[in-house]
Number of protein chains: 2
Amino acid sequence: MTELKMYFPGKLVMGKGALERLTEDITAWNPERVLVVTIFPLLPLLKGLIDSLEARGVVVSVDTGIVQEPTFADFRELMSRAAPFNPDVVIGAGGGSVLDIAKLVAAQVGNPQPLEAYVGNGLLQGRYRKLVCLPATAGTGSEASPNAILVDDTDNQKKGIISPYLVPDVVYIDPLLTLSVPPAVTAATGLDAFTHCLEAYTNIYAHPFIDMYALQGMKLIAENLVRAVRDGNDVDARAQLILGSLLGGFCLGPVNTAAVHALSYPLGSAFHLAHGLSNALLLPHVMEFNLVAAPRRYADVALALGCSRAATDEATARAGVGKVRALIRDCGIPSRLAEVGVSSASVPDLATGAMEVKRLLKNNPRPVAWQDAVDIFNAAL
Amino acid sequence: MTELKMYFPGKLVMGKGALERLTEDITAWNPERVLVVTIFPLLPLLKGLIDSLEARGVVVSVDTGIVQEPTFADFRELMSRAAPFNPDVVIGAGGGSVLDIAKLVAAQVGNPQPLEAYVGNGLLQGRYRKLVCLPATAGTGSEASPNAILVDDTDNQKKGIISPYLVPDVVYIDPLLTLSVPPAVTAATGLDAFTHCLEAYTNIYAHPFIDMYALQGMKLIAENLVRAVRDGNDVDARAQLILGSLLGGFCLGPVNTAAVHALSYPLGSAFHLAHGLSNALLLPHVMEFNLVAAPRRYADVALALGCSRAATDEATARAGVGKVRALIRDCGIPSRLAEVGVSSASVPDLATGAMEVKRLLKNNPRPVAWQDAVDIFNAAL
């Protein structure tokens, strides 16, 4: 058993309507100013929280400026508003983009380090404001991870900031926040969460403590994703799905992702694809590439997806890939790169970009050379 | 899905020899004084930690006064030494008794509330000192739970103190601390941890998030307990076992235990039996009593223990009880109350005592009346 180091949110509350209880946790900190980073469509669902904070004399500022995967420039712009407001508490309510930037704002307020000084792993020296995360998509798992991702405007690459200080103090998982997520976003974000679990379970650095989160996460997502895509108001499916996504988030800190995410990054940057969609487009192809290197682990994945055990682990594993293909198909989202405008001419550059994401490629159960990446992109075209 | 509220230790480190890394975490808090609550036999294993803290100018005080399940009086006596020392950090290194009292010391130093004011659930108003827990038995799970138990000297009853403030800041799970635990203690504490998982999984308030910990915990303990009992130096078995025990601890906060623990409390108090042993003596009998009320859940337990699925859930569940009996037998500890000096004459009083433990009995999947408790004790005689 390899050594495991893991950071948890101090308090986790999960349940339909649980958000009603959050005011009490926040007022226990006696804050004067609370910054809510969110998106415009969530404001009606956050009104009760904001009103009850204001009724207790807390000054609340709401920022809805982040509407896509944030860049360094977006972060600086948001900080130009957040720094003078000087919140005691930062609440992020939204998908991965919103949670990631809320985490970074909480870490930056009152912190003399500039952003450049802490891009990377373990460079952030502290966080001086309370941080609350409220996921509103079942995908990112950012609420449970020490990671945040920003696009570097200078090279258009996604850069990771990884630090224990980016794990929130308090997390509320309320499926009611996810009911209005449209079917295509539900599908893409759900498959992203699934990929977090799968890449942790089949990871070179897999660990029995994390395996538990990964297997349960895959099971919950596989069982509930299509239900939630077809009927967004299915609260039970939404609840199981957002739990699966949280479990994927727990996988991200200590074990993290691998080749799907590494290959997905340049794809997302070059073609402005949503992170979940670019993962979903690559997922079955990376699984096929990887499974020969870890047939036992991929067989376990297949069993968690409800496949029966076949004659060999490899055969079981291949059935699992079939199940993932069916899941993507049943979600009704694009399943080929060509459908989203990726041409074969771009593949060499995409492969070159993927080779840069060494921090994730090193986790992959099978080494990925440039030619392998080319082959995977071509298979996915 | 019912609402779940859970408190986590902020940082969890797990691995053979991981303890070597703890000094860094503690010195990051810049403490002047550190109190180590432990037992004498662990001192050689803690020497490296203590020496490295002292080498950094930290004043370390070591207290080895707690050698059995602590009473209110024991706590007061320990506080009479701890309060004047006024530690910035309290480290508990030991089994459940040591961890529980270390948690309470950390919560009491600098806290104007007297003990009487916070015995019960949710009454502690804060903790003003850092708390580190290092489990040295694979059993209690106290390192991951918001619970501490003290024996009330006035009525000889075990009283629970339950508070989010009793969850440690930092937990190190190092199997090397458990190698010297004797076989009988390994067995009893391991069966206690198993019972935490089982009673959470079959609980009225069971939750899918906790089910995951419970099932994985039962599996790890069932697979490794006899190995660790037979060869205490089997580091891999010890590592899997202490992970199972941690998972049992995660079950304790949000879901908690049920009738096994409720019936075990008066047994432990009246006959001075170790907590793990008194649970083990009752476990199969409570399982048999309960399984008719929750055959599906008890069948899942059996499957986690490696049983095959039988014709009905109830039959599968009964095979699980057989597996638990075999586990207890293979551990070589007493399996009948009569073997540890309990006579049938004491059963009515034991049953009356158990009926008092309403906070746990309410969790049980089948209501337990006084006569039921009498029958269970008699079956276990």
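Described below are features of the structure shown in this document. Computed from a prediction, not measured in an experiment: that's the story for all the values here.

Another aspect to go through is the interface of chain B and chain A. It is common to give the size of an interface as the accessible area that goes away when the parts come together. With 29 residues of chain B at the interface, the matching set in chain A holds 29 residues. When chain B packs against chain A, the two sides together hide about 2,500 Å² of surface, and 64% of this comes from carbon and sulfur. Contact with chain A buries area across many residues of chain B, yet Met1(B), Glu3(B) and Phe8(B) alone supply 23% of it, more than any other trio. Applying the counting criterion to the chain B and chain A interface returns two salt bridges. Arg21(B) is the salt-bridge partner of Glu3(A), the closest N and O atoms lying 2.2 Å from each other. Linking chain B with chain A are 13 residue pairs in polar contact (both at pLDDT 80 or more), by the criterion used here.

Residues and elements named next belong to chain B. The residue Val37 is located in strand β3 (residues 33-37) in this model. The spatial distance from the C-alpha of Val37 to the C-alpha of Val105 is 9.2 Å, given a sequence separation of 68 residues. Apart from the residues lying within four places of it in its own chain, the contact partners of Val37 are Asp63, Leu78, Val90, Ile91, Gly92, Ala93, Val98, Ile101 and Ala102.

With an RMSD of 0.0 Å, the fit of chain B onto chain A corresponds to turning through 180° and sliding 0.0 Å along the axis. Here the two chains are linked by the operation of a two-fold rotation axis. Interface overlap between copies: 100% of the residues of chain B at the interface are likewise at the interface in chain A, consistent with a symmetric, same-surface contact.

The subject of this paragraph is the pattern of salt bridges. Under the criterion given, the structure shown has 40 salt bridges over all chains. Across the salt bridge formed by Arg81(A) and Glu77(A), the nearest N and O atoms sit 3.2 Å from each other. Here Arg81(A) pairs with Glu77(A), and both are found in helix α3 (residues 72-85), just four residues apart, close to one helical turn. The exposure class of Glu77(A) is partly exposed, given its relative accessible area of 47%. Between Arg318(B) and Glu314(B) there is a salt bridge, with its nearest N and O atoms 2.9 Å apart. In this pair, Arg318(B) and Glu314(B) are both assigned in helix α12 (residues 313-331), four residues apart and thus about one turn of the helix distant. Judged by its relative accessible area of 40%, Arg318(B) falls in the partly exposed class. Owing to a relative accessible area of 32%, Glu314(B) belongs among the partly exposed residues under this scheme. Several salt bridges share partner residues, and in doing so they unite Glu3(A), Glu20(B) and Arg21(B) into one network.

Cut-offs applied
Residues numbered from 1 in each chain as written. Chains lettered and ligands numbered in written order. Predicted model: local features only at pLDDT ≥ 70, side-chain atom pairs only at ≥ 80, totals over all residues. Heavy atoms only, no water. Contact = heavy atoms within 4.5 Å. Buried area = accessible area lost by both parts, 1.4 Å probe. Salt bridge = Lys/Arg side-chain N within 4 Å of Asp/Glu carboxyl O. Polar contact = N/O pair within 3.5 Å; in protein donor to acceptor, adjacent residues only side chain to side chain. Helix = DSSP H or I, 4+ residues; strand = E, 2+ residues; numbered from the N terminus. Least-squares fit on C-alpha atoms with pLDDT ≥ 70 in both. Buried < 20%, exposed > 50% of the residue type's maximum accessible area, 1.4 Å probe, protein only.

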